[in-house]
Protein chains: 4
Amino acid sequence: MNTFGRLFSCTTFGESHGPALGVVVDGCPPGIPLTEDLIQPYMERRRPGRDSTMSPRAEPDHVEILSGVFEGRTTGMPIAILIPSVAQRSGDYDSLRSVFRPGHADYTYHLKYGHRDHRGGGRSSGRETAARVAAGAVAFQCLFNQGISIRSRILEIHGNSNPDQFEEEILVAKERGDSVGGIIELFAEGCPTGLGDPVFGKLDAAIAGAMMGIGSIKGVEIGEGFAAARMSGSEHNDPMQKSGFATNHAGGILGGISNGDPIVIRCAVKPTPSISLPQQTINSEGEEVEISIRGRHDPCIVPRVLVVAECMLALVLIDAVLMQKRFTGF
Amino acid sequence: MNTFGRLFSCTTFGESHGPALGVVVDGCPPGIPLTEDLIQPYMERRRPGRDSTMSPRAEPDHVEILSGVFEGRTTGMPIAILIPSVAQRSGDYDSLRSVFRPGHADYTYHLKYGHRDHRGGGRSSGRETAARVAAGAVAFQCLFNQGISIRSRILEIHGNSNPDQFEEEILVAKERGDSVGGIIELFAEGCPTGLGDPVFGKLDAAIAGAMMGIGSIKGVEIGEGFAAARMSGSEHNDPMQKSGFATNHAGGILGGISNGDPIVIRCAVKPTPSISLPQQTINSEGEEVEISIRGRHDPCIVPRVLVVAECMLALVLIDAVLMQKRFTGF
Amino acid sequence: MNTFGRLFSCTTFGESHGPALGVVVDGCPPGIPLTEDLIQPYMERRRPGRDSTMSPRAEPDHVEILSGVFEGRTTGMPIAILIPSVAQRSGDYDSLRSVFRPGHADYTYHLKYGHRDHRGGGRSSGRETAARVAAGAVAFQCLFNQGISIRSRILEIHGNSNPDQFEEEILVAKERGDSVGGIIELFAEGCPTGLGDPVFGKLDAAIAGAMMGIGSIKGVEIGEGFAAARMSGSEHNDPMQKSGFATNHAGGILGGISNGDPIVIRCAVKPTPSISLPQQTINSEGEEVEISIRGRHDPCIVPRVLVVAECMLALVLIDAVLMQKRFTGF
Amino acid sequence: MNTFGRLFSCTTFGESHGPALGVVVDGCPPGIPLTEDLIQPYMERRRPGRDSTMSPRAEPDHVEILSGVFEGRTTGMPIAILIPSVAQRSGDYDSLRSVFRPGHADYTYHLKYGHRDHRGGGRSSGRETAARVAAGAVAFQCLFNQGISIRSRILEIHGNSNPDQFEEEILVAKERGDSVGGIIELFAEGCPTGLGDPVFGKLDAAIAGAMMGIGSIKGVEIGEGFAAARMSGSEHNDPMQKSGFATNHAGGILGGISNGDPIVIRCAVKPTPSISLPQQTINSEGEEVEISIRGRHDPCIVPRVLVVAECMLALVLIDAVLMQKRFTGF
């Protein structure tokens, strides 16, 4: 449940306000260059407090490699990466111990587990994604080795697709104690043909599951996605030429298997549920209460989700690469 | 790769023009009523040739239960269900042995496997979903036992959201040798709170992977989905009252765990890639050729996808139900 | 639960007296020669009724390949193999519907599942191994491709290690309505170094689990096995020379990974539990009853277990071979 | 590969001379009492240096719980346990960087991974079992909750079954720079009927795999084990009475499913491969060399293996308990 991947797997652990977050990456090929310095830039891209649109929380998220690396290169053994937490103001959350924040997992965790670490959302906090980014950074090193790269961009913030107005959209929402969402787009380039497997092992199925497993993501599409539903077959099918596909409506995947074209994915990111505007909710006694969530929250998580989504995609792709090699030499 | 599910799993097999398709369902609880007659209505909903918008192919798809059922009830042992194929005109496909049909998996399968059964798309054919429906029918029997039901509907055909015009949209496309796609919506009702697990075991992640694993589906969204990206937090968060959630923007899932409200999913279905209009492609020699796909194809797969999507959702939910019970009595 | 293997997996189904047994083999590399004729000789080695030491039951066990093979070679798609049952005398078992046979799984299945197919032991019957042998035959074709071979022999029957007296030991037991067990030994030759993974993925751990998963096997040892417990380190360690290991006390596996030497395994096979001598037991009402099991049972299963154990070993090895290839080209 | 278990899983990491070992336990039910103090006694039973028969190495093995526990009880979230290493004399191992120690995994790891942490055996060191014991301690807390207990004992050291002479056998071997092995026996009591699944999910298969996955174990048997091979069916079958089974030759498992009687397991432990007597081997250049392994090694690992084997058994049983609950309420 906390493990992702079949051959290249990562198991994350840690709660928002616990002593540390971390991840164990298993199945990494040996001989790949890896140091804390190679991981840290990915952590930095996810870090809050980098500009005025983000929570001012201080989360340095320095990583420590505990195993699986010897003299700067991976050994094929499990790679444990620790992200110690800095002292946190748990006190901020005492008032929320028994109140269910709307849009958060407080209610469902309470009913499912009974006993939970409520501080900052505990395990359901977005802070958990720090561990995914550390794992993704390892995956990226392996993908580079195979000539595969990933990039991403913001397409929309709060329905506005003008990049010059993204910051303003976020600051306006922040100003009134509210939050906004947006749409992101990812590209994987350099993928060989043949990644993915038929039926339930489709590459797009794995990607969709990986993306929707990011807490704030509520929609995923590949290639034309929802627009494909409004096209005719003669428009949507990608003609083939000697030089390759003439178009890429399919988004780089045919029948669940990569076709050599760039893989194109878009995800819908919901507005952050933590807002300071008053909201109606109930507490663990079932009583109706009003809450206004104070604290240093992100009015828009979209800019910080980019690297998380890239890392999940990297984890899907390196797993598919390792799977693809299993028939070598038959 | 051909197995879906952790505790309630199904393994499908079979190619479009082989002697039979089938599925082995493993992990079904014992004592559930099951006969061929209880499965057949689901097969019927998927069957082509039922009206003028569908392929006129004759695929009776009669199921035979080979194991796991004794005296009309399941025994907890693996349930093998066979769907023998009727004689098929494989000859129709001889001309396509070495030509890659645009929008199909011919090209990627050829590159990945080298040796493939090209007839009717072989394993990548939509016919494979017959086996999923048989498995889903077993899942449905188990869900009924737990008070969970699933239904679905068509929201759009070719961008048109007027149900009275769905048939016309399809027939117009068929008339000109083209195809169209659409959008479907699914609802799961009666789900208890607590289905799904944190982080990588999120119920919405499993649903997204399951839906995107259906060949024709290119986009998936939960609750407000892509619309959530355009909402503010104060609009999107579902307020809680003593009587439950005031709204269901979340689509029945919070933090990856069902919250007791109906689960709401929408999927984008691409236009069928088999069209009789001429298309540009290449053959296995790399030569450019033009093809026009003859045969009895569906001009729109949307009506037939409904039951397949319902069955995939049923498989996800029964698996989550079994997972949820693992902590019973601690 | 009815699936074995990670990358090369098989899922078996079927009960002793049901319409058919079968298996779905998933993950087989494409291009491997496979026909019914290549599988049948393995079925023949497992078949009862071949000499006076075996049950005279007629189980022709003809296999039918339903999928995954095209024009005599595998396609990489799941290979379904059906083994239709011939008409059986279910009536023989009516008297055993509610009586628990000592040494059989009747009692534990009854308590675990409530509703069970009691005829001939249902799913717990040794007949289930026919499906494993069919899967193993596919694995063998893949191993041949990689230069790996497996053979086995009987070391002991009823404590007697003289091969000339094996048949007599069995016939004496049969004569008095009793049964006997024995010890078998397996060898895998031609394995490359590097099969298996550290810690929980050890090759010997996988072998031990596979062997102990055969119903009649109660003990497994690798290399010197239990004799190693009585040796000193200076005797047990295998010295290394330029030409290789001087001895093979380790049985071809060091640290869970194959070392290039033959892999050597021994298994203890218990006496068949079905005997005609009177036995004390209880029925499903909890009443004490005496039973004498009539029917055509094997007085010793050891000769028929050989091919089953070889096939399980083949399944473990081909899975390890595919796993080993995942790091190719890094 | 470094993860064990399906529903209650543990993923271990760490090398002998790295900064820390550790484990992530996933799938633990919520509400189970857990603190470092409840884990530490298990670590203590595994610790070297406790008497003259053991290595005098100082490995305090203090555990730190990093996640998954809140206010002294588990939350259902992954439990990360860290075991920081104390400063080690890595220098001792410099001379062994390119020499393959007989009976160790140096050779196979070198060939499989190329780049390895040679210090103290790296990942293949018995030190890795410290992480398993920490995980097992968590499993034990869950088993207590269900009324299940485990105990173990030494049956033989170097072929001698007189407990009064075990210490002497070890000290004699130590004196001459050699090592010895032995046989251990485990009992699980209080197991409900119904643990384990048919065919490939048999409880005894899982136990055999778990035990053989301990580095020093070369043989496993259940109930009568190898002795069963020398018995007749009339001797080996356990008669049933109103009050239960009259004997327990089966070792508590019938058809792969627990029958309510104590589960009885015996394992063969090989002599420790690290001995100071001179041995013939080769180095990574393929040259023949003689080595004599200096350092503080255990002349017999049997006393320290007991708790490791108990912990692996605990992990198998709690996983089977959780699996068994999946059908609750159908």
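Since the model is a prediction, treat every value here as computed from it, not as a measurement.

Focus on the UniProt feature "binding site: FMN" (unreviewed entry) in chain A
With numbering aligned to this structure, UniProt lists the feature "binding site: FMN" (unreviewed entry) at Arg123, Ser124, Ser125, Gly255, Lys270, Pro271, Thr272, Pro273, Ser274 and Arg296 of chain A. Of the residues just listed, which span 174 residues, the most distant C-alpha pair is 44.7 Å apart, and they do not cluster in one region. Note on placement: Gly255 of chain A falls in the loop between β13 (253–254) and β14 (257–258). Residue class for Gly255 of chain A comes out buried when judged on the 26 C-beta atoms lying within 10 Å of it. Residues within four places of Gly255 of chain A in sequence aside, it is in contact with Pro198 of chain A together with His104, Ala105, Thr108, Tyr109, Ser124 and Gly215 of chain B. Here Pro271 of chain A lies in the loop between β15 (263–269) and β16 (279–282).

Observations regarding the relation of the copies chain A and chain B
Once turned by 180 degrees and shifted 0.0 Å along the axis, chain A lies on chain B with an RMSD of 0.0 Å. What we have between these two chains is a two-fold relation. Residue Gly209 of chain A of chain A places its C-alpha closer to the rotation axis than any other residue of that unit, at 2.1 Å.

A look at the pairing of strand β9 (residues 182–189) of chain B
Residue and element names in this part refer to chain B. Bridge count between strand β8 (residues 149–157) and β9: eight bridges; the pairing is antiparallel. Its bridge partner being in β9, Ile157 is matched across the sheet by Gly182. Two strands pair when backbone bridges link them, and β9 and strand β15 (residues 263–269) are joined in this way by seven bridges, in the antiparallel orientation. Residue pairing in the sheet places Phe187 in a bridge with Val264 of β15.

With respect to the sheet that holds strand β7 (residues 79–84) of chain A
Taken together, five strands build an open sheet; the order of strands is β1-β2-β3-β7-β4 (chain A) and the sheet is antiparallel. If you trace the sheet from one side to the other, it starts and ends with β1 (3–4) and β4 (64–65) of chain A, each paired once.

Thoughts on the packing of helix α1 (residues 36–46) of chain C against helix α7 (residues 302–324) of chain C
Residue and element names in this part refer to chain C. In contact at an axis separation of 7 Å, α1 and α7 are set at 135 degrees when each is read in the N-to-C sense. As summarised for this structure, α1 and α7 are arranged oblique, according to the angle between their axes. In contact with Tyr42, Arg45 and Arg46 of α1, α7 contributes Arg304, Val307, Val308 and Cys311. Residues that form the contact of α1 with α7 fall into these classes: four nonpolar, no polar and three charged.

What about the pairing of strand β17 (residues 288–291) of chain D?
Residues and elements named next belong to chain D. In this structure, strand β16 (residues 279–282) lies alongside β17, joined through four bridges in antiparallel fashion. The residue bridging Ile282 from the neighbouring strand is Glu288, located in β17. Connecting β16 to the antiparallel partner β17 that follows it, the hairpin turn spans five residues, and Gly286 within it adopts a positive phi of roughly 85 degrees.

Looking at the sheet that holds strand β1 (residues 3–4) of chain C
Residue and element names in this part refer to chain C. Strands sit in the order β1-β2-β3-β7-β4 across an open sheet of five strands; the sheet is antiparallel. In the strand order of this sheet, the two ends are held by β1 and β4 (64–65), each with one partner. The pairing of β4 with strand β7 (residues 79–84) spans two bridges and is antiparallel. For Glu64, the partnering residue across the bridge sits in β7 and is Leu82. Packed on one face of the sheet, helix α3 (residues 129–145) meets β2 (9–13), β3 (20–26) and β7 and runs near 30 degrees to β3.

Regarding the interface of chain A and chain B
With 85 residues of chain A at the contact, the number on the chain B side is 85 residues. With six residues, helix α5 (residues 203–212) of chain A is the single largest residue contributor to the side of chain A that touches chain B. Partitioned by chemical class, the residues of the side of chain A that touches chain B number 35 nonpolar, 34 polar and 16 charged. Summarising the sheet, strand β10 (residues 217–222) of chain A and strand β10 (residues 217–222) of chain B pair through three bridges and their orientation is antiparallel. Of the residues in β10 of chain B, the one forming a bridge with Val220 of chain A is Val220 of chain B.

Here's the deal with the UniProt feature "binding site: NADP(+)" (unreviewed entry) in chain A
All names here are of chain A. Listed under "binding site: NADP(+)" (unreviewed entry) in the UniProt record, and renumbered for this structure, are Arg46. When you line up the elements, Arg46 lands in helix α1 (residues 36–46). Classification of Arg46 as buried rests on a count of 25 C-beta atoms within 10 Å. If we ignore the near neighbours within four places in the chain, the residues touching Arg46 are Thr129, Ala130, Val133, Arg304, Val307 and Val308.

Focus: the relation of the copies chain C and chain D
Superposition of chain C onto chain D requires a rotation of 180 degrees combined with a translation of 0.0 Å along the rotation axis, giving an RMSD of 0.0 Å. Here 100% of the contact residues of chain C are again contact residues in chain D; the copies associate through an equivalent surface.

Focus on the interface of chain C and chain D
Every contact between the two is made by 85 residues of chain C and, on the other side, 85 residues of chain D. By residue class, the composition of the side of chain C that touches chain D is 35 nonpolar, 34 polar and 16 charged.

Quick word on α7 of chain C
Count 3.6 residues to each turn of an α-helix, and residues three or four apart come out pointing the same way. Here α7 of chain C contains 23 residues, and its C-alpha end-to-end distance of 32 Å stays within 8% of the 33 Å for a straight helix at 1.5 Å per residue. Taken across its 23 residues, α7 of chain C has 23 buried, putting it largely inside the fold.

Some words on the environment of Ala228 of chain D
Counting through the fold element by element, Ala228 of chain D comes out in the loop between β10 (217–222) and α6 (233–236). Since 26 C-beta atoms lie within 10 Å of it, Ala228 of chain D is described here as buried. Taking the C-alpha atoms as reference, Ala228 of chain D lies 37 Å from Tyr107 of chain D; in sequence the two are 121 residues apart. Residues in contact with Ala228 of chain D, not counting those within four places in the same chain, are Gly181, Lys218, Ala268 and Lys270 of chain C together with Gly223, His236 and His249 of chain D.

Describing unusual backbone geometry
Even without a glycine there, the phi angle at Asp61 of chain A is positive, about 50 degrees. Within the fold, Asp61 of chain A resides in the loop between α1 and β4.

Some remarks on the packing of helix α3 (residues 129–145) of chain B against helix α7 (residues 302–324) of chain B
Residue and element names in this part refer to chain B. At a minimum axis distance of 8 Å, the contact between α3 and α7 shows a crossing angle of 50 degrees. When the interaxial angle is binned, α3 and α7 end up oblique. Crossing of α3 over α7 shows left-handed handedness. Between α3, through Thr129, Arg132, Val133, Ala135, Gly136, Ala139, Phe140, Cys142 and Leu143, and α7, the contact on the second element is made entirely by Val307, Val308, Glu310, Cys311, Met312, Ala314, Leu315, Leu317 and Ile318. In terms of residue class, the contact of α3 with α7 is made up of 14 nonpolar, two polar and two charged.

Regarding the environment of Asp26 of chain C
By the secondary structure assignment, Asp26 of chain C is in strand β3. Measuring from C-alpha to C-alpha, the distance between Asp26 of chain C and Glu169 of chain C comes to 41 Å, with 143 residues separating the pair along the chain. For Asp26 of chain C, the residues in contact, after removing those within four places along its chain, are Met1, Asn2, Thr3 and Thr11 of chain B together with Ser9 and Pro78 of chain C.

So, the environment of Val316 of chain A
All names here are of chain A. The residue Val316 is located in helix α7 (residues 302–324) in this model. What makes Val316 buried here is the crowd of 27 C-beta atoms within 10 Å. Taking C-alpha positions, Val316 is 9.9 Å from Met211, a pair spaced 105 residues apart along the chain. Residues within four places of Val316 in sequence aside, it is in contact with Ala206, Ile207 and Ala210.

About the cut-offs
- Residues numbered from 1 in each chain as written.
- Chains lettered and ligands numbered in written order.
- Predicted model: local features only at pLDDT ≥ 70, side-chain atom pairs only at ≥ 80, totals over all residues.
- UniProt positions renumbered as here; feature names shortened; annotations may be inferred.
- Helix = DSSP H or I, 4+ residues; strand = E, 2+ residues; numbered from the N terminus.
- Buried ≥ 20, exposed ≤ 12 C-beta atoms within 10 Å, placed from the backbone.
- Contact = placed C-beta atoms within 7 Å.
- Least-squares fit on C-alpha atoms with pLDDT ≥ 70 in both.
- Pairing = 2+ DSSP bridges.
- Axes fitted to C-alpha atoms, helices over the stretch in contact; angles between N-to-C directions.
- Parallel < 35°, antiparallel > 145°, perpendicular 65-115°, else oblique.
- Nonpolar A, V, L, I, M, F, W, Y, C, P; charged D, E, K, R; others polar.
- Expected span 1.5 Å × (residues − 1).
- Left-handed = near helix turned anticlockwise from the far one by under 90°.

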